[in-house]
There are 2 protein chains.
Amino acid sequence: MGFSFKKTAILGVGLLGASFALAIRENGICSNIAGFGRRKENLEEAKERGIIDSFSLDPAQAVKGADLVVLSTPVGCFKEISSQIKKNLAGGSIQIDLGSVKGNLVYELEKILPRYVACHPIAGGERPGIADARGNLFKGMKCIIAKTPSTDEEAFKKISSLWERLGSRVELMDPMEHDRIFALVSHLPHLAAYALVNTVGDVDPELMKLAGAGLKDTTRIAASSPELWRDVSILNGDNLVSYLEMFIKNLEKIASALREKDGNALERLLSRAQKLRKTLEN
Amino acid sequence: MGFSFKKTAILGVGLLGASFALAIRENGICSNIAGFGRRKENLEEAKERGIIDSFSLDPAQAVKGADLVVLSTPVGCFKEISSQIKKNLAGGSIQIDLGSVKGNLVYELEKILPRYVACHPIAGGERPGIADARGNLFKGMKCIIAKTPSTDEEAFKKISSLWERLGSRVELMDPMEHDRIFALVSHLPHLAAYALVNTVGDVDPELMKLAGAGLKDTTRIAASSPELWRDVSILNGDNLVSYLEMFIKNLEKIASALREKDGNALERLLSRAQKLRKTLEN
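Residues numbered from 1 in each chain as written. Chains lettered and ligands numbered in written order. Predicted model: local features only at pLDDT ≥ 70, side-chain atom pairs only at ≥ 80, totals over all residues. Heavy atoms only, no water.

1. Thoughts on the environment of Ile130 of chain B
Residues and elements named next belong to chain B. Along the chain, Ile130 turns up in the loop between strand S6 (116–121) and strand S7 (142–145). The exposure class of Ile130 is buried, given its relative accessible area of 4%. Note: C-alpha distance between Ile130 and Lys142 (12 residues apart in sequence) is 21 Å. Dropping the residues within four chain positions of it, Ile130 is found in contact with Val13, Gly14, Leu15, Ala18, Asn42, Glu45, Ala46, Arg49 and Ile51. (Helix = DSSP H or I, 4+ residues; strand = E, 2+ residues; numbered from the N terminus. Buried < 20%, exposed > 50% of the residue type's maximum accessible area, 1.4 Å probe, protein only. Contact = heavy atoms within 4.5 Å.)

Written out as structure tokens, the structure is:
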């Protein structure tokens, strides 16, 4: 407790970046927050709403004098932005990210950034902009830190403590293991939801209006940012391709039971899923 | 308004059947309700809770003297039960069902039952039993009536009016068209959810515990009754197989973009889905 940062640079002021800004401000961790982004209107709105105090359209400008730098653009931009800001990073400053992909990217960013701590707060929402940003977004949520042998111990401790002050529970995970797990429990469901909506679109987009609770639930995350999920999916592509293949196999098993009108085989497939799904509360 | 039934037989006392019983009782449409089911304990519980007034383990007994008969077992049993009750149906009685499949089944049931009106109330929940039954389940919801040239006009008018008294909006639909549409907007999402859970199970069932809001939403309906969805899927198998094939093609397009690391192609696929999903409110 007690530590604070003099200046934080939020590189990418969307739902996560803006919520992080609000959270550290509300928790007395930093009161001088600079934003970087591509769209000036968005940065102006973030400033008006008191999310950031200043902004620049150049990430290297935004990080000047910052002792905490936060990568919160779509993950596909992390490497390029890291290279751009490197020359202007203040000595001793800590760099973190809020991205959903870890894996090799962590090792690559470690080569560029001097004191990088890889973070994945398990929080978000399907609406990508700052409209839904709130300072308590991370409260009660998990934050995974993908620590490596190269992670600076002092920086790691400070960032762990920061997440705890925001109300998150910190969990350590190997970067590669992280990507295998999240490909399955997060990235695959997103791709499944997008593909399901496109199937409705293939038949007749107008039928989407007839969606009941079932179709709404299964496709809610298909309203998420295509840019964000493009980057996550491409970076975690190897894991995702093999899980997509397994998912297709499971769909083909169902289709095959239907073609053979084999009710027993179908019920076994559905029961297996029902039992596992019922282990979750809702 | 004003009409009532002397006795209603609910054949299948689950979430829908029990809710229908409560709804007609609460709305003054019928106060003498008999139940049929396979499990005596469930029928006893339904009687204790005031959902039904009497019960029998023989559907032909349950329908004796009933002027309204409601098929609310899994749809796969409708034909057999209809044949069993036929001999005991009271003259002038009306038979309806609450099933999610119409199509050919409607024409087959019309051959067995003298005054059948095919209904599909768009209401339900993923927990199949009577625990969640409530008299206002149909309020504000749509009820589709799959009318055919053989539907008795007087029975149709009475049943339409009954649904309106329960607070439902009645919509007419051709039985075949009904099944094409609901295969896409309801049955396919269920099978997708079951297959997605089985994919997690294939990798490691323990990982289900790490599910965030995304996986929970996309798989919530996989907690639904395997028996119910087995019957619906087998009966609507032809439509479902072709939609499953289209869904698999959409997943393969995504997998192919990932294999080629083609971010632009992937973003186009995701954006197309996002635009269509955003036409829904939540």
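2. With respect to the interface of chain B and chain A
Residue-level contacts link 78 residues of chain B with 78 residues of chain A. Among the salt bridges present, the one from Arg230 of chain A reaches Glu267 of chain B, with a minimum N-O distance of 2.6 Å. A class-by-class count of the residues in the side of chain B that touches chain A yields 44 nonpolar, 16 polar and 18 charged. (Salt bridge = Lys/Arg side-chain N within 4 Å of Asp/Glu carboxyl O. Nonpolar A, V, L, I, M, F, W, Y, C, P; charged D, E, K, R; others polar.)

3. A word on the domain arrangement of chain A
Often, the extent of an interface is quoted as the loss of accessible area on bringing the components together. Residue and element names in this part refer to chain A. Examined at the domain level, chain A breaks down into domain 1 (8–174) and domain 2 (177–281). Taking only C-alpha atoms into account, the centre of domain 1 sits 30 Å from that of domain 2. At the interface, 17 residues of domain 1 touch 17 residues of domain 2. Of the roughly 1400 Å² buried between domain 1 and domain 2 on both sides combined, carbon and sulfur atoms contribute 68%. Between domain 1 and domain 2 we count 1 salt bridge in total. Here domain 1 is connected to domain 2 by 8 residue pairs in polar contact (both at pLDDT 80 or more). (Domains from an automatic or database assignment. Buried area = accessible area lost by both parts, 1.4 Å probe. Polar contact = N/O pair within 3.5 Å; in protein donor to acceptor, adjacent residues only side chain to side chain.)

4. Describing a negative patch on the surface
All names here are of chain A. Taken together, the side chains of Glu41, Glu44, Glu45 and Glu48 define an acidic patch exposed on the protein surface. Tracing the backbone shows Glu45 in helix H2 (residues 40–48). Taking the relative accessible area as the measure of exposure, Glu45 reaches 38% and is therefore partly exposed. (Patch = residues over 30% accessible without salt bridge, like charges linked within 9 Å, V, L, I, M, F, W, Y side chains within 5 Å. Areas by Shrake-Rupley, 256 points an atom, 1.4 Å probe, with all protein chains shown as cover. Lys, Arg positive; Asp, Glu negative; His and termini not counted. Charge placed at Lys NZ, Arg CZ, Asp CG, Glu CD.)

5. Side note on empty space enclosed by the protein
Using the criterion set out here, one finds 1 cavity of 30 Å³ or more in the structure. Taken as a whole, the largest cavity encloses approximately 60 Å³ of empty space. Around the largest cavity, the lining residues are Ala192, Ala193, Leu196, Thr218 and Phe247 of chain A together with Ala192, Ala193, Leu196, Thr218 and Phe247 of chain B. Broken down by secondary-structure element, the contributors of at least two residues to the lining of the largest cavity are helix H7 (175–203) of chain A together with helix H7 (175–203) of chain B. Class assignment of the residues belonging to the lining of the largest cavity gives a composition of 8 nonpolar, 2 polar and no charged. (1 Å grid on protein atoms, 1.4 Å probe; cavity = no way out; pocket = protein on both sides within 12 Å on 5 of 7 lines; lining within 4 Å. Points joined across faces, edges and corners; volume = space filled by probe spheres on them.)

6. What to know about the pairing of strand S5 (residues 94–97) of chain A
All names here are of chain A. The side-chain alternation of S5 yields two buried faces, one formed by Ile94 and Ile96 and the other by Gln95 and Asp97. Sheet topology note: the strand S4 (residues 68–71)/S5 ladder contains 4 bridges and is parallel. For Val69, the partnering residue across the bridge sits in S5 and is Gln95. In this view, the connection linking S4 to its parallel neighbour S5 by way of helix H4 (residues 78–85) has right-handed handedness. In this structure, S5 lies alongside strand S6 (residues 116–121), joined through 3 bridges in parallel fashion. Bridging across to S6, Gln95 finds its partner in Tyr116. Remark: the S5/helix H5 (residues 103–112)/S6 crossover connection has right-handed handedness. (Pairing = 2+ DSSP bridges. Right-handed = clockwise from strand over helix to strand, strands pointing away.)

7. A few points about the packing of helix H10 (residues 237–259) of chain A against helix H10 (residues 237–259) of chain B
Geometry of a packed helix pair, given as the angle between the helix axes and the separation of the axes. Contact geometry of H10 of chain A with H10 of chain B gives a least axis separation of 10 Å together with a crossing angle of 165°. On the basis of their axis angle, the class for H10 of chain A and H10 of chain B is roughly antiparallel. For the pair H10 of chain A and H10 of chain B, the sense of crossing is left-handed. Residue composition of the contact of H10 of chain A with H10 of chain B, by class: 18 nonpolar, 2 polar and 6 charged. (Axes fitted to C-alpha atoms, helices over the stretch in contact; angles between N-to-C directions. Parallel < 35°, antiparallel > 145°, perpendicular 65-115°, else oblique. Left-handed = near helix turned anticlockwise from the far one by under 90°.)

8. Quick word on H7 of chain B
Residues and elements named next belong to chain B. Here H7 spans 40 Å end to end across 29 residues, near enough to the 42 Å set by a 1.5 Å rise per residue. Its axis deflected by about 50° at Ala183, H7 carries its strongest bend there. With 24 of 29 residues buried, H7 is to be regarded as a mostly interior element. Between a side-chain oxygen at the N-terminus of H7 and the backbone nitrogen of Met176 the separation is 3.0 Å; the capping residue is Asp174. (Expected span 1.5 Å × (residues − 1). Bend = angle between axes of the 7 residues up to and from the residue.)

9. Remarks on the side chain of Ser56 of chain B
Here Ser56 of chain B shows up in strand S3 (residues 54–56). From its side chain, Ser56 of chain B meets the backbone nitrogen of Asp58 of chain B in a polar contact 2.9 Å long.

10. Considerations on the relation of the copies chain B and chain A
Rotating chain B by 180° about the axis while translating it 0.0 Å along that axis superimposes it on chain A, leaving an RMSD of 0.1 Å. Such a combination of turn and shift is consistent with a two-fold rotation axis. Considering only C-alpha atoms, the residue of chain B closest to the rotation axis is Thr218 of chain B, which sits at 1.8 Å. Taken together, the interface assignments show that 100% of the residues at the interface of chain B recur at the interface of chain A, consistent with an identical surface on both copies. (Least-squares fit on C-alpha atoms with pLDDT ≥ 70 in both.)

11. Concerning the pattern of salt bridges
A complete count under the given rule lists 33 salt bridges over all chains for this structure. In this structure, Lys147 of chain A and Glu153 of chain A form a salt bridge, with 3.1 Å as the shortest nitrogen-oxygen distance. Residue classification places Glu153 of chain A among the partly exposed residues on the basis of a relative accessible area of 39%. Residue Lys142 of chain B is joined to Glu171 of chain B by a salt bridge in which the shortest nitrogen-to-oxygen separation is 3.8 Å. Separated by 29 residues along the polypeptide, Lys142 of chain B in strand S7 and Glu171 of chain B in strand S8 (residues 169–172) bring together distant segments of the chain.

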